[in-house]
Amino acid sequence: MEFSVKIDAEAFKSSFDDTADRYEAAFATAKNMIASMMLQAVTQDIQSAGNFGGTFLSGLSVTVDGDAITTKLDAPGADIFETGGTIHGNPLLWLPISGTDAVGIRASDYGDELFSVNRKAGGPPLLFSMRDRSPKYFGVPSVEIPKKFHIGEIQTRVMDNFADVFKDALDE
């Protein structure tokens, strides 16, 4: 006795095509969801780090390119806030005095002429405005910047959820 079954190979292959299409769509959805989650988490991290305004948030992007998800923060000095570290002056770093109109403006970009005063009683040297004769900046040889941003850690933490996000996208 003999039994024979003929397999419809084309129908069988097309069922895999449907499955492959579902997996590909779920994979694309999962990548976009992860990118969105990263953008939201990094935005919250920057906002909670202190006085980092529009320049930092407008310089933030998370892109999906093929199988790569890239988080980029294109803002001046952003890298020091991700790693922390020391910034050295040449020879001094001129920092604006809190509460003055110099806050947020580099000494070299200040709109008035400045003159330096080295204090004999001690303390850092000061830059005064020629116009109103008030101190605007103080000089220090270096400043230690603590780590404020956690972009790398956020990427790792969010990517740990990729399998669950993919499964949810596949189940939809």
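Okay, so let's go over this structure.

This paragraph deals with the side chain of T71. Mapped onto the fold, T71 is located in strand β2 (residues 68–73). The class of T71 is buried, set by a relative accessible area of 17%. Only 3.4 Å separates the side chain of T71 from the side chain of Q155, close enough to count as a polar contact. Ignoring sequence-local partners within four residues, the contact set of T71 consists of M38, V42, L60, S61, V62, I151 and Q155.

Moving on, we get to the environment of M33. Relative to the helices and strands, M33 is located in helix α1 (residues 9–48). Spatially, the C-alpha atoms of M33 and V165 are 7.5 Å apart, while their sequence positions differ by 132 residues.

This paragraph deals with a negative patch on the surface. Together, D17, D18, D21 and E24 line one region of the surface with negative charge. Residue position: D18 is located in helix α1.

Next up on the list: the environment of F115. When you line up the elements, F115 lands in strand β4 (residues 114–117). As for F115 and L39, which are separated by 76 residues in sequence, their C-alpha atoms are 44 Å apart. For F115, the residues in contact, after removing those within four places along its chain, are L126, L127, F128, S129, M130 and R133.

A word on the sheet that holds strand β6 (residues 135–145). Across the sheet, four strands lie side by side as β3-β6-β5-β4; this open sheet has antiparallel pairing. On the outer flanks of this sheet lie β3 (85–96) and β4, each paired with one strand and no other. Adjacent strand axes in the sheet meet at a mean angle of 25 degrees, parallel and antiparallel pairs treated alike.

Attention now goes to the packing of aromatic side chains. Scanning all chains against the criterion turns up eleven aromatic pairs. Note on F27 and F166: the rings are 6.3 Å apart at their centroids and 75 degrees apart in plane angle, and the pair reads as edge-to-face. Taken together, the residues span a long stretch of sequence, with F27 in helix α1 and F166 in helix α5 (residues 162–171) at a distance of 139 residues. Since its relative accessible area comes to 27%, F27 is described here as partly exposed. Grouping aromatic residues by their ring pairs yields a cluster made of Y23, F27, F162 and F166.

In this structure, the amide linkage connecting N90 to the following residue, P91, adopts the cis form with an omega of 0 degrees. Examined against the element boundaries, P91 turns out to sit in strand β3. Backbone geometry at R133 places phi at a positive 55 degrees, although glycine is not the residue there. Here R133 lies in the loop between β5 (126–129) and β6. The class for R133 is exposed, based on a relative accessible area of 54%.

Looking at α5, one finds that the buried residues are F162, V165, F166, A169 and L170. Along the axis of α5, the buried positions cluster into a sector of 135 degrees, meaning they face one direction only. In α5, the exposed positions that point more than 90 degrees away from the buried face belong to A163, D164, D168 and D171.

Rules of the game
Residues numbered from 1 in each chain as written. Predicted model: local features only at pLDDT ≥ 70, side-chain atom pairs only at ≥ 80, totals over all residues. Heavy atoms only, no water. Helix = DSSP H or I, 4+ residues; strand = E, 2+ residues; numbered from the N terminus. Buried < 20%, exposed > 50% of the residue type's maximum accessible area, 1.4 Å probe, protein only. Polar contact = N/O pair within 3.5 Å; in protein donor to acceptor, adjacent residues only side chain to side chain. Contact = heavy atoms within 4.5 Å. Patch = residues over 30% accessible without salt bridge, like charges linked within 9 Å, V, L, I, M, F, W, Y side chains within 5 Å. Areas by Shrake-Rupley, 256 points an atom, 1.4 Å probe, with all protein chains shown as cover. Salt bridge = Lys/Arg side-chain N within 4 Å of Asp/Glu carboxyl O. Lys, Arg positive; Asp, Glu negative; His and termini not counted. Charge placed at Lys NZ, Arg CZ, Asp CG, Glu CD. Pairing = 2+ DSSP bridges. Axes fitted to C-alpha atoms, helices over the stretch in contact; angles between N-to-C directions. Phe/Tyr/Trp six-rings, centres within 6.5 Å; stacked < 30°, edge-to-face > 60°. Arc of directions from axis to C-beta.

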